[in-house]
Structures are given as C-alpha cells and as structure tokens.
Amino acid sequence: MTDPTDSRNAVAAAWFRTLRDRIVAAFEGLEDRHATGQPGRFEVTPTNRAEGGGGGIMSVMRGGGVFEKVGVNWSEVHGQLSEKAQRSMAARGVPGMDRDPRFWASGISLVAHMANPHCPAVHMNTRMFWTPQAWWFGGGADLNPCIEYAEDTAHFHAGMKAACDVHSADYYPKFKAWADEYFFVPHRDRARGVGGIFFDDLNTGDWHRDFAFTRSVGEAFLPAFLPVTERRVAAPWTEADREVQLQHRGLYAEYNLVYDRGTKFGLETGHDANAVLMSLPPVAKWY
C-alpha cells in the first residue's frame, strides 16, 4: 500500500489543482462576457486543517453578474482520522481502520449559485482518498435548476454520459442511478435537482484506469455546464422567478447540511469550516 508521499498521490493532487485553475478562469471569463456592471472576481484564501496536516485553496466569488455566489475549492490534506471518522470509514467497508487511522485526501469541490433564476445551480467534485489499507476515487456532477428546461438537462447529461462511455458502457447508467439515489432529499420526498452522475469508493485495482476516468469526469464539466449558462444568462426574470429560486436554495441547503457526505467528512476531519460550508447559498427561503 502506498505512502502519502507516493508520486501517484502527488500527481492526483496536482491535477485537481490544475482543474481548479481552469474552472476559475472559465467562470471569470463568463463574468467578463456577460456581467452588465463590474465583472465578478474570485477571492482566494488559503485554508488549513485545524489539527495540521495540509490545507488548500478556497476560491469564492460573491455578487457577480453571472454568479451570485460560487466556490471552487481545492485541498490536499493528511493526518489521522478521528474515532468517529474511523467508524464511518469502517462502516463503508474500509479495512484496518482500527489498526492504522492515517489518511490522505485531495480533490476539487465546486458549487455555483447563479444570479439569474433561469440559470441552473450546479455542483461538481472529483477526489482521491488514501489510507494504508485502501485507496479510491470519487466524484460526479449534478445540475440543480429551480426552473427546469428539458434541453439543458439533456445537454448536461449527454456530457456526463460521454465522459463515462469512453471508459465503460456500464458507468453512466450505474452512476446516474447512484446520483438519483444520493441527491434525493428524503424528508421532502423529492430530488434536489435533475441529477447527473455520482460515484464513490472507485477502486478497480488499476489506479491509472480509475484516475483516467476521474479526470474525464472533471474535464467534462465545463463543456456540460457553460453552454447551458450561456443560453440562459440574459433571459429576463421576474420576482416570482426569484421566489422559486430562493425556495429551491432552501432545499439545497437542507440537503448539504443534513445528508451530504463531503460536508460531514470535511467537518469531522477538522478542515476549515468556511471552506467546507462554501456550498451553502448566499440567500435562501423556507416556508
């Protein structure tokens, strides 16, 4: 089993960082093309684990012309899992957590809440996790419109399917179904959006194959999301549309605080709470 200093871990962390840089540049490009006032820009803040052992970069844009709030975070952290996190990992089938609780993890996490209610919110992440007994990849992307357009949903899913099909004909139906299950809000008896793909604990035994698939998912994100945004960003909207958007954001916040695995893991492992909770919308409503 590899050590956290293994070159494969470094390669994965560097690629996640590169993907973060590309997305930040693309989103600022959207602001340059479509903001009617001053284009939004990301505020970049270093982050650290409370107990030491790495950190990351929190990049958040607030009050842009296209993005009301968007966060694109990258992290590379390591240390020892808490007893609670060890139990959580053991429950997921990770062996040997009682013998050696060391871990290493790196990834990119993105959530965008849009200014125009006709533009869908979106989430994407890709990550790698290591322990002395196991390693795996995870991630995915899902679209969260408050006002759904069938052609936007079809375009986004086509991008995710194409990324999967390059690697296995089984991946898209499997990971789409997983997303439909994972991004469901039980206490509201509804999905939080129109889905996408979700995968976790991916370890086929071939690290290079699994990393290649994870890269494909990350690289598919901008082609799947940017055209949808370009199509809707200038659409006129009403106060009624804004109300629908704010109520949908309430659903999104409920899901992320109650069910999201990444939120729980980030808080349990002592990562910067502001970075972990950057997924929350800037304004939301409940009735």
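A few points on the structure.

Rules of the game
Along each chain, residue indices are assigned from 1 in the same order as the chain's sequence is written. Given that the model is predicted, a residue must reach a pLDDT of at least 70 before its local features are reported, and side-chain atom pairs must reach 80 or more before they are shown or counted; all residues, however, enter totals for whole chains, interfaces and linings. Remark: hydrogens and water are excluded; side-chain values derive from all non-hydrogen atoms of the structure. A pair of aromatic rings is counted whenever rings of Phe, Tyr or Trp (Trp by its six-membered ring) have centres within 6.5 Å, and the orientation is called stacked for planes under 30 degrees apart, edge-to-face for over 60 and tilted otherwise. Strands here are runs of E lasting at least two residues and helices are runs of H or I lasting at least four, both read from the DSSP assignment and numbered beginning at the N terminus. Relative accessibility thresholds used throughout: buried, under 20% of the residue-type maximum; exposed, over 50%; partly exposed, between the two (1.4 Å probe, protein chains only). For a lysine, the NZ atom is tested; for an arginine, the CZ atom; a charge sits over a ring if that atom is within 6 Å of the ring centre and within 35 degrees of the ring normal. The salt bridge criterion pairs a side-chain nitrogen of Lys or Arg with a carboxyl oxygen of Asp or Glu, the two atoms within 4 Å. For the purposes of this section, nonpolar cores are sets of buried Ala, Val, Leu, Ile, Met, Phe, Trp, Tyr and Cys residues that join through side-chain atoms within 4.5 Å. We call two residues in contact when some of their heavy atoms are within 4.5 Å. Axis lines are fitted to C-alpha atoms, over the contacting stretch for helices. Their N-to-C directions set the angle, which ranges from 0 to 180 degrees. Under this scheme an angle from 65 to 115 degrees is roughly perpendicular, one under 35 degrees roughly parallel, and one over 145 degrees roughly antiparallel; angles in between are oblique. Following the grouping adopted for this structure description, the nonpolar residues are Ala, Val, Leu, Ile, Met, Phe, Trp, Tyr, Cys and Pro, the charged ones are Asp, Glu, Lys and Arg, and the polar ones are all others, Gly among them. Here a strand pair is declared whenever DSSP counts at least two bridges between the two strands.

What to know about the packing of aromatic side chains
- Using the criterion set out here, one finds 25 aromatic pairs in the structure.
- On the basis of an interplanar angle of 35° and a centroid distance of 4.9 Å, the ring pair of Tyr 171 and Phe 175 is categorised as tilted. Note that Tyr 171 and Phe 175 are positioned in helix α4 (residues 171-182) at a spacing of four residues, about one turn of the helix.
- Take Tyr 171: its relative accessible area is 8%, and that puts it in the buried class.
- The exposure class assigned to Phe 175 is buried, which follows from its relative accessible area of 2%.
- An angle of 80° between the planes, with centres 6.0 Å apart, marks the rings of Tyr 182 and Tyr 255 as edge-to-face. Linking Tyr 182 in helix α4 with Tyr 255 in helix α6 (residues 239-258), this pair joins segments that are 73 residues apart in sequence. Like Tyr 255, Tyr 182 is buried.
- Chaining the aromatic ring pairs together yields one cluster made of Tyr 171, Phe 175, Trp 178, Tyr 182, Phe 183, Phe 198, Phe 199, Phe 213, Tyr 255 and Tyr 259.
- One Lys or Arg, Arg 17, reaches over the ring of Trp 74 and ends 5.5 Å from the middle of that ring.
- Its end group placed over the ring of Phe 211, Arg 215 keeps NZ or CZ at 4.7 Å from the ring centre.

Some points on the pattern of salt bridges
- Evaluated as defined, the whole model comprises 19 salt bridges.
- In this structure, the salt-bridge partner of Arg 41 is Asp 32, at a minimum N-O distance of 2.6 Å.
- Of the residues examined, Arg 41 reaches a relative accessible area of 41% and is grouped as partly exposed.
- What makes Asp 32 partly exposed here is its relative accessible area of 45%.
- Across the pair Arg 127 and Asp 200 runs a salt bridge whose closest N-O atoms are separated by 3.2 Å. Of this pair, Arg 127 sits in strand β5 (residues 121-131) while Asp 200 sits in strand β9 (residues 195-202), and the two are 73 residues apart along the sequence.
- One connected set of salt bridges, linked through shared partners, spans Glu 151, Asp 152, Arg 231 and Arg 232.

Digging into the nonpolar core
- Counting residues in hydrophobic clusters, the biggest one holds 54 residues, and the most contacted among them are Ile 23, Phe 27, Phe 67, Val 72, Phe 221 and Phe 225.
- Residues in contact with Phe 221, not counting those within four places in the same chain, are Ile 23, Phe 27, Leu 110, Val 122, Met 124, Ala 141 and Met 160.
- Listed in part, the 12 residues of the second largest apolar core include Val 77, Phe 103, Trp 136 and Phe 265.

Observations regarding the packing of helix α3 (residues 150-165) against α4
- Put simply, α3 and α4 touch, their axes get as near as 8 Å, and they point 130° apart. Here α4 runs oblique to α3, going by the angle between their axes. Counted together, His 157, Met 160, Lys 161, Cys 164 and Asp 165 of α3 and Tyr 171, Tyr 172, Phe 175 and Lys 176 of α4 form the full contact between these two elements.
- Of the residues that constitute the contact of α3 with α4, the class distribution is five nonpolar, one polar and three charged.

So, the pairing of strand β6 (residues 134-144)
- Extensive coverage of β6 is indicated by the burial of 11 of its 11 residues.
- By the alternation rule, side chains of β6 split into Ala 134, Trp 136, Gly 138, Gly 140, Asp 142 and Asn 144 and Trp 135, Phe 137, Gly 139, Ala 141 and Leu 143, which are all buried.
- Pairing of β5 with β6, which is carried by 11 bridges, proceeds in the antiparallel orientation. What sits directly across from His 123, in β6, is Asp 142.
- Hairpin connection between β5 and β6: a loop of two residues separates the two successive antiparallel strands.
- Pairing geometry for β6 and β9, over six bridges, is antiparallel. From the neighbouring strand, Phe 137 faces β9, where its bridge partner is Leu 202.

Observations concerning the sheet that holds β9
- With respect to topology, seven strands assemble into an open sheet ordered β1-β2-β3-β4-β5-β6-β9, the strand pairing being antiparallel. In the strand order of this sheet, the two ends are held by β1 (43-48) and β9, each with one partner. Neighbour to neighbour, the strand axes of the sheet diverge by 10° on average, direction disregarded.
- Note: strand β4 (residues 102-114) against β5, nine bridges, orientation antiparallel. By the bridge assignment, Ser 106 is partnered in β5 with Met 128.

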